[in-house]
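So the chains spell out like this:
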Amino acid sequence: MATVKGDVHDIGKNIVAVVLGCNNYKVYDIGVMCSCELILEKAKEYNVDVIGLSGLITPSLDEMVVVAKEMSKGGFKQPLLIGGATTSKMHTAVKVSPNYFTLEHPVIHVLDASRSVTVVSSLLGENKEDYVTDIMEEYEEMREDYYAGLEDRYFLTFDQAKEQKLVIDFDVVPPAPAPNKLGVTVIDNVSLEDVVPYIDWNPFFQTWELRGRYPNRGYPKIFNDEAVGSEAKKLFDDAQKLMKEIIANKSMYLKGVVGLFAANSTEDGEDVNIYQSEDDRENGEPCHKFCMLRQQSEKESDDPYLSQADFIAPAGYKDHLGMFAVSCFGCEELVAKYESEHDDYNKIMSQALADRFVEAFAEYLHRVIRTDMWGYAKDESLNEEDLLKIKYVGVRPAPGYPSQPDHTEKTTMWNAIKAKELAGITLSESLSMIPAASVSALVFAHPQSCYFAVGQVGKDQVQSYAERKNMELELAERWLSPILNYERD
């Protein structure tokens, strides 16, 4: 098993390895950021029966296709399993499967660790042919439905979508006031104790694949669930114990960087320029440009076709854009310690807690930005529960996620706030953040800003986007591959 090239996330893969190991399967976990060449080389060296690929960020989807193609070219015969948060049965059926799937060596999406034993035992058992035939037929139907759906779905041209953009009247609802502190600020004085009240425990149980049934879904109701309640409580108690140890030993710590900049949407309204100072704004000298994507899939309502650029006022207004990158450091060392002790449980628990710490840090820091550093919501009095329900003004969408699905925009952010130089947070070749327990986001303050999904986009928008980014079209298409409404050449 391997996390593919450029991707550093392996908590789900670690759980799968433990589950399979507990069922007497020998698992060779070759780690994270594994190149295609390394994966295939190790598969031959260990003479494995099955190969498993994992990934969390969207560029990993393309890398899985590459591995499938190379396995086919190399004459491999092992079944290929696909898993990870960014993967899906549909993507596996449509994009990965056609490059390698046969009755002898199928390509199968594994939804979570609990399914892994069933899948592997079926592939290595006497009824493999029947099992694989069923999946082959299911994937063929899914591909037919997918392509039929593309034909049925209507997309506006990029020009039409721009004509129906969100138009905010910035005279009636003006931009937020200027930040109290413009520029870049290093955040290195926030302790783990500071962020504990901001932890959302629901994803913690999802990581461990514990799900309560209605009405006991979610934390803390999950403890009342007949099926998983007692196990969830034990897991939670173990997490509290380890969390106290980590805090007492200072074996993990938080660091990040915030940027608050003068900003205006570009003349065409599709991107956002940021400026180092008001003088630079007046002189029309931006330091960076954030390129945005706009919805194009036809809507049955009169709702506008959104882009994040719509939330920033055009030239002539004094608007601003915030951004941050934060990390939880120390997890890798703790994981290495538990690995050396063959303690898989606490290894995975450490990773799960690091994820909770950094997400809580992001929540904590966004509040500090709203109430102090930017100060546009200085009178905000929301409790932690309200924060998790997003009852505050403004949004903090992350690059690479639905509101701006292009991971390459992280490089613009990293250049603007010097996340690597000032906070030690780096980007892999696939623009996965390192350490793995990291969060980055843009911060929009306007009350009409909102979260949304760009969805699929057409070639006319991708061509415009590539031109605006000064990027080769082919490269832009590769990065945007999961959201293209057409097949790349």
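For the structure, see preceding data.
**Q** Even after reading the chapter, I still don't get the overall build of the protein, so can you show me in this structure?
**A** Looking only at helices and strands, the protein features 18 helices and 12 strands. Relative to the 2.2 N^0.38 estimate, which gives 23 Å for 489 residues, the radius of gyration of the protein is 24 Å and therefore close to what a compact globule would have. In terms of principal-axis extent, the alpha carbons of the protein reach across some 70 × 55 × 45 Å. The 489 residues of the protein split such that 54% are buried. Sequence separation of at least 24 residues holds for 74% of the intrachain contacts in the protein that already meet a minimum separation of 6.

**Q** It is not clear to me how the pattern of salt bridges should be interpreted in this structure. Could you clarify?
**A** One side chain can pair with another of opposite charge once the charged atoms of both are near each other. Tallying each qualifying case throughout the model produces 25 salt bridges. The salt bridge involving Asp 271 is made with Arg 468; its shortest N-O contact spans 2.8 Å. Pair noted here: Asp 271 is in strand E7 (residues 271-275) and Arg 468 is in helix H17 (residues 459-469), with a separation of 197 residues, a long-range link. Here Asp 271 and Arg 468 have matching classes, each one buried. For Glu 339, the salt bridge goes to Lys 347, with nearest N and O atoms at 2.9 Å.

**Q** Would you explain helix H2 (residues 36-46) in this entry?
**A** Given 3.6 residues per turn, any residue in an α-helix points the same way as the ones three and four places further on. Every buried residue belonging to H2 is among Cys 36, Ile 39, Leu 40 and Ala 43, and all of these are buried. Looking straight down H2, one finds its buried side chains confined to an arc of 90 degrees; they lie on one side. In this structure, the buried side of H2 is in contact with strand E1 (2-3), strand E2 (51-54) and helix H3 (59-73). Looking one or two residues past H2, Asn 47 carries a phi angle of roughly 50 degrees, positive in sign.

**Q** What's the story with helix H13 (residues 344-373) in this structure? I'm lost.
**A** Its 30 residues place the ends of H13 41 Å apart at the C-alpha level, agreeing with the 44 Å of an ideal helix rising 1.5 Å per residue. Following H13 by one or two positions, Gly 375 has its phi on the positive side, about 80 degrees.

**Q** Mind showing me how you'd approach the side chain of Ser 403 here?
**A** Structurally, Ser 403 can be placed in the loop between helix H14 (384-388) and helix H15 (409-417). Using a relative accessible area of 6% as the deciding quantity, one classes Ser 403 as buried. Only 2.7 Å separates the side chain of Ser 403 from the backbone oxygen of Phe 452, close enough to count as a polar contact. Look past the residues within four positions of Ser 403 in its chain and what remains in contact with it is Gln 308, Pro 397, Tyr 451, Phe 452 and Val 454.

**Q** Quick question: what am I supposed to make of the sheet that holds strand E3 (residues 80-83) here?
**A** If you trace the 4 strands from one edge of the open sheet to the other, you get E1-E2-E3-E4, paired in parallel fashion. Two strands lie at the open edges of the sheet, namely E1 and strand E4 (107-109), each paired on one side alone. Bridging between E3 and E4 involves 3 bridges; their strand directions are parallel. Looking at E4, one finds that Leu 81 is bridged to Ile 108. Here helix H4 (residues 89-96) sits on the sheet and contacts E3 and E4; the angle it forms with E4, its principal contact strand, is near 160 degrees.

**Q** How do you make sense of the pairing of strand E6 (residues 253-265) when you look at a structure like this?
**A** Side-chain positions along a regular strand alternate between the two faces of the sheet. Of all 13 residues making up E6, 11 are buried, and the element is well covered by its neighbours. Pairing of strand E5 (residues 183-187) with E6, which is carried by 5 bridges, proceeds in the antiparallel orientation. In the sheet register, Ile 187 faces E6, and the bridge partner there is Gly 256.

**Q** Help me understand the packing of aromatic side chains in this model?
**A** Geometrically, a pair of aromatic rings is defined through the distance of the ring centres and the angle of the planes. All told, the structure shown has 19 aromatic pairs when counted by the stated rule. Centre to centre, the rings of Tyr 146 and Tyr 147 are 5.0 Å apart; their planes meet at 80 degrees, and the pair counts as edge-to-face. For Tyr 147, a relative accessible area of 31% corresponds to the partly exposed category. Between the aromatic rings of Trp 208 and Tyr 345, the centroid separation amounts to 5.6 Å while the plane-to-plane angle is 55 degrees, which identifies the pairing as tilted. Taken together, the residues span a long stretch of sequence, with Trp 208 in the loop between helix H9 (202-207) and helix H10 (229-249) and Tyr 345 in helix H13 at a distance of 137 residues. A relative accessible area of 16% places Trp 208 in the buried class. Residue Tyr 345 is classed as partly exposed on the basis of its relative accessible area, which comes to 31%. Among the aromatic residues, those joined into a cluster by ring pairs are Trp 201, Phe 204, Phe 205, Tyr 219, Phe 223 and Phe 236. Above the plane of the ring of Tyr 28 lies Lys 26, whose end atom (NZ or CZ) is 5.2 Å from the centre.

**Q** What should I look at first to understand a nonpolar patch on the surface in this one?
**A** Together, Val 184, Val 186 and Leu 422 give the surface a local cluster of nonpolar side chains, amounting to about 180 Å² of exposed area. Within the fold, Val 184 resides in strand E5. Val 184 sits in the partly exposed class, given a relative accessible area of 35%.

The rules we used
Each chain carries its own residue numbering, running from 1 in the written order of its sequence. Given that the model is predicted, a residue must reach a pLDDT of at least 70 before its local features are reported, and side-chain atom pairs must reach 80 or more before they are shown or counted; all residues, however, enter totals for whole chains, interfaces and linings. Computation of side-chain values: all heavy atoms of the structure, hydrogens and water removed. Secondary structure elements are defined from DSSP: runs of H or I of at least 4 residues count as helices, runs of E of at least 2 residues count as strands, and each element is numbered from the N terminus. Note on method: radius of gyration uses C-alpha positions; expected globular size equals 2.2 Å times residues raised to 0.38. Any residue under 20% of the maximum accessible area for its type is buried, any over 50% is exposed, and the rest in between are partly exposed; the area is computed with a 1.4 Å probe on protein chains only. Should any heavy atoms of two residues lie within 4.5 Å, those residues are considered in contact. Definition used for salt bridges: Asp or Glu carboxyl oxygen within 4 Å of a side-chain nitrogen of Lys or Arg. Read the arc as the range of directions from the helix axis to the C-beta atoms. Given a helix with a known number of residues, its expected span is that number minus one, times 1.5 Å. Pairing of N or O atoms within 3.5 Å defines a polar contact, subject to two protein rules: one partner must be a possible hydrogen donor and the other a possible acceptor, and residues neighboring in sequence count only if both atoms are side-chain atoms. At least two bridges found by DSSP between two strands is the condition for calling them paired. Fitted lines through C-alpha atoms give the axes, limited to the stretch in contact for helices. The angle between two N-to-C directions lies from 0 to 180 degrees. Pairing of aromatic rings covers Phe, Tyr and Trp, the last through its six-membered ring, and needs centres within 6.5 Å; plane angles under 30 degrees mean stacked, over 60 mean edge-to-face, and all others mean tilted. Remark: a charge is flagged as sitting over a ring if the NZ atom of Lys or the CZ atom of Arg is within 6 Å of the ring centre and within 35 degrees of the ring normal. By definition, no residue in a patch forms a salt bridge, and every one has over 30% relative accessible area; like charges are joined within 9 Å, nonpolar side chains (Val, Leu, Ile, Met, Phe, Trp, Tyr) within 5 Å. Areas reported here follow the Shrake-Rupley algorithm with a probe of radius 1.4 Å; residue values treat only the protein chains shown as occluding.

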